Amino acid sequence: MSPRERITAALLPALQRVFPGAGASDITFFGAYADVSSPLPRKYGVDISETVVYNIRDEVCLGGRALFSEAWVSGGFINFGISEEAFLSLCEGLGDAPSTPAEVIGLSPCGVDYAVARLLDTANERPDAPFSLPEGGLMRRAFRMAVFCDSPASRNLAADACLKALALDRRERLLGRRPALFMAAALYNIERQTL
C-alpha cells in the first residue's frame, strides 16, 4: 500500500463522520502549505470549529501512533501536518534507493533519473544522522511530493520539486542524508512500477 493509500485509509473514516459524503478524492496531497488537505468545508459551504478539526487530528492513527502533529482550517480547507514519526513509518515502506552510483544512471538536465542522481549525490555528501524532516517550505514540499508520488504525472512533478529544493540546498544545506535517500527511493521505485 502506498503512503497516499495508507493516509487515505486512515483519514477518510474520520472525515466521513463529519462529512458523510466525503470520498478519497476529497483528500489532497500536493498543496503548497500543508502535508495533507481537504476542501470539504468549502465544498459543503460549512464552517468547521477548531474542536472538530482537533478531534479529527487526534482520531487518525497510523500503526498505533498519531498520524498528524497539527491541524488547522484556512480558506475552507482542513489542513494537516504529518508527524515526524508517521513520515518515518511511511518512508520505511518505500523500498531502497538505487545502489548504482549516480554517475552511471542515465542523465539528462531534468527528469526523474537526474533528480534521483542528484539526491544520491546529496545523501553521499551528508553525515549519517537520525531521521528528521526537512526544514523550510520548499524543502518539505519536495520531500512530501516525492513520498506521495504514485503515478507518472505525480512522479514528474515531484522530480521537478526535488530539483528546485536541491538548488536551494546547495546554498543552505537543509536536506539530511536519510530524507535524501528516502526521496531518491520514492522517485526511483515509483518509476520502475509505472513503466
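Residues numbered from 1 in each chain as written. Predicted model: local features only at pLDDT ≥ 70, side-chain atom pairs only at ≥ 80, totals over all residues. Heavy atoms only, no water.

1. Topic: the pairing of strand E5 (residues 77-82)
Test applied: Note on exposure labels: buried denotes an accessible area under 20% of the residue type's maximum, exposed denotes more than 50%, and partly exposed covers the range between, all computed with a 1.4 Å probe on protein chains only. A run of H or I in DSSP counts as a helix once it spans at least four residues, and a run of E counts as a strand once it spans at least two, with each numbered from the N terminus. The pairing criterion for strands is at least two bridges between them, as found by DSSP.
With respect to burial, E5 is a largely interior element, five of its six residues being buried. Examined bridge by bridge, strand E1 (residues 36-38) and E5 share three bridges and lie antiparallel to one another. Bridging from a neighbouring strand, Ser-37 pairs with Asn-79 of E5. Connecting strand E4 (residues 68-74) to the next strand, E5, in antiparallel fashion are two residues, including Gly-75 with a positive phi near 60 degrees.

2. Brief notes about the packing of helix H1 (residues 3-18) against helix H3 (residues 50-59)
Geometrically, a packed helix pair is captured by the angle between its two axes and the distance between the axes. Using the following cut-off: Between N-to-C directions, angles span 0 to 180 degrees; the directions come from axes that are lines fitted to C-alpha atoms, helices contributing only their stretch in contact. An angle below 35 degrees is treated as roughly parallel, one above 145 as roughly antiparallel, one from 65 to 115 as roughly perpendicular, and anything else as oblique. In this scheme, a crossing is called left-handed if the near helix is turned counterclockwise away from the far one by less than a right angle; it is called right-handed if the turn is clockwise. Only heavy atoms enter the contact rule, under which two residues are in contact if any of them lie within 4.5 Å. Throughout this entry, Asp, Glu, Lys and Arg are counted as charged residues, while Ala, Val, Leu, Ile, Met, Phe, Trp, Tyr, Cys and Pro are counted as nonpolar. The remaining residues, Gly among them, count as polar.
Here H1 crosses H3 at 150 degrees, and the two axes come no closer than 9 Å. Relative to H3, the element H1 lies roughly antiparallel. Crossing geometry of H1 relative to H3 is assigned as right-handed. Residues Leu-11, Ala-14, Leu-15, Arg-17 and Val-18 of H1 form the contact with H3, whose own contacting residues are Val-52, Ile-56 and Glu-59. Partitioning the contact of H1 with H3 into residue classes produces six nonpolar, no polar and two charged.

3. A few points about the nonpolar core
Across soluble globular proteins, nonpolar side chains show a tendency to be buried alongside one another. Under the convention used in this document: The criterion is simple. A nonpolar core is a set of buried Ala, Val, Leu, Ile, Met, Phe, Trp, Tyr and Cys residues joined through side-chain atoms within 4.5 Å.
Of all hydrophobic cores here, the largest spans 58 residues; its most connected members are Leu-11, Val-36, Ile-82, Phe-87, Leu-119, Phe-143 and Leu-187. Excluding residues within four positions of it along the chain, Phe-143 makes contact with Phe-87, Cys-91, Phe-131, Leu-133, Pro-134, Pro-179, Phe-182 and Met-183.

4. Some details on the sheet that holds E1
Strand pairing within a sheet occurs via backbone hydrogen bonds; the two strands may be parallel or antiparallel. As summarised here, the arrangement of the three strands in space is E1-E5-E4, forming an open sheet in which the pairing is antiparallel. Edge positions in the sheet fall to E1 and E4, since each has one partner strand and no second. Ignoring which end each strand starts from, the neighbouring axes of this sheet average 20 degrees apart. Summarising the sheet, E4 and E5 pair through six bridges and their orientation is antiparallel. Along E5, the bridge assignment pairs Val-73 with Ile-78. Running over the sheet, H3 touches E4 and E5 and is turned about 150 degrees from E4.

5. Considerations on the pattern of salt bridges
Inclusion rule: When a carboxyl oxygen of Asp or Glu is within 4 Å of a side-chain nitrogen of Lys or Arg, the pair counts as a salt bridge.
The final tally for this structure, using the stated rule, is seven salt bridges. When the shortest N-O distance is used, the salt bridge between Arg-144 and Asp-35 registers 3.2 Å. Here Arg-144, found in helix H6 (residues 137-148), pairs with Asp-35, found in the loop between H1 and E1; they are 109 residues apart in sequence, far enough to count as distant. The same class applies to Arg-144 as to Asp-35, namely buried. Beyond isolated ion pairs, a larger network of salt bridges with shared partners links Asp-35, Arg-140 and Arg-144.

6. With respect to helix H4 (residues 84-91)
Worth spelling out the cut-off: In this description, one arc is meant: the one made by directions from the helix axis to the C-beta atoms.
Among all positions in H4, only Ala-86, Phe-87, Leu-90 and Cys-91 are buried. Looking down the long axis of H4, one finds its buried residues gathered within 135 degrees of arc, a one-sided arrangement.

7. Quick notes on the side chain of Asp-169
Test applied: Any N or O atom pair separated by 3.5 Å or less is treated as a polar contact, with the protein-specific requirement of one donor-capable and one acceptor-capable atom, and with residues adjacent in sequence counted only for side-chain atom pairs.
Position of Asp-169 among the secondary structure elements: in helix H7 (residues 152-172). Look at Asp-169 and you get buried, because its relative accessible area is 2%. Within the local environment of Asp-169, its side chain forms a polar contact with the backbone nitrogen of Leu-174, the two atoms lying 2.7 Å apart. Beyond its immediate chain neighbours, meaning those up to four positions away, Asp-169 contacts Thr-122, Arg-126, Met-139, Leu-174 and Leu-175.

8. Topic: the packing of H6 against H7
Close contact between H6 and H7 brings their axes to 8 Å; oriented N to C, the two are set at 150 degrees. In this view, H6 runs roughly antiparallel relative to H7, as classed from their interaxial angle. With respect to the hand of their crossing, H6 and H7 are arranged in left-handed fashion. In contact with Leu-138, Met-139, Ala-142, Met-145 and Ala-146 of H6, H7 contributes Leu-157, Ala-158, Ala-161, Cys-162, Lys-164, Ala-165, Leu-168 and Asp-169. Taken together, the residues of the contact of H6 with H7 break down into 11 nonpolar, no polar and two charged.

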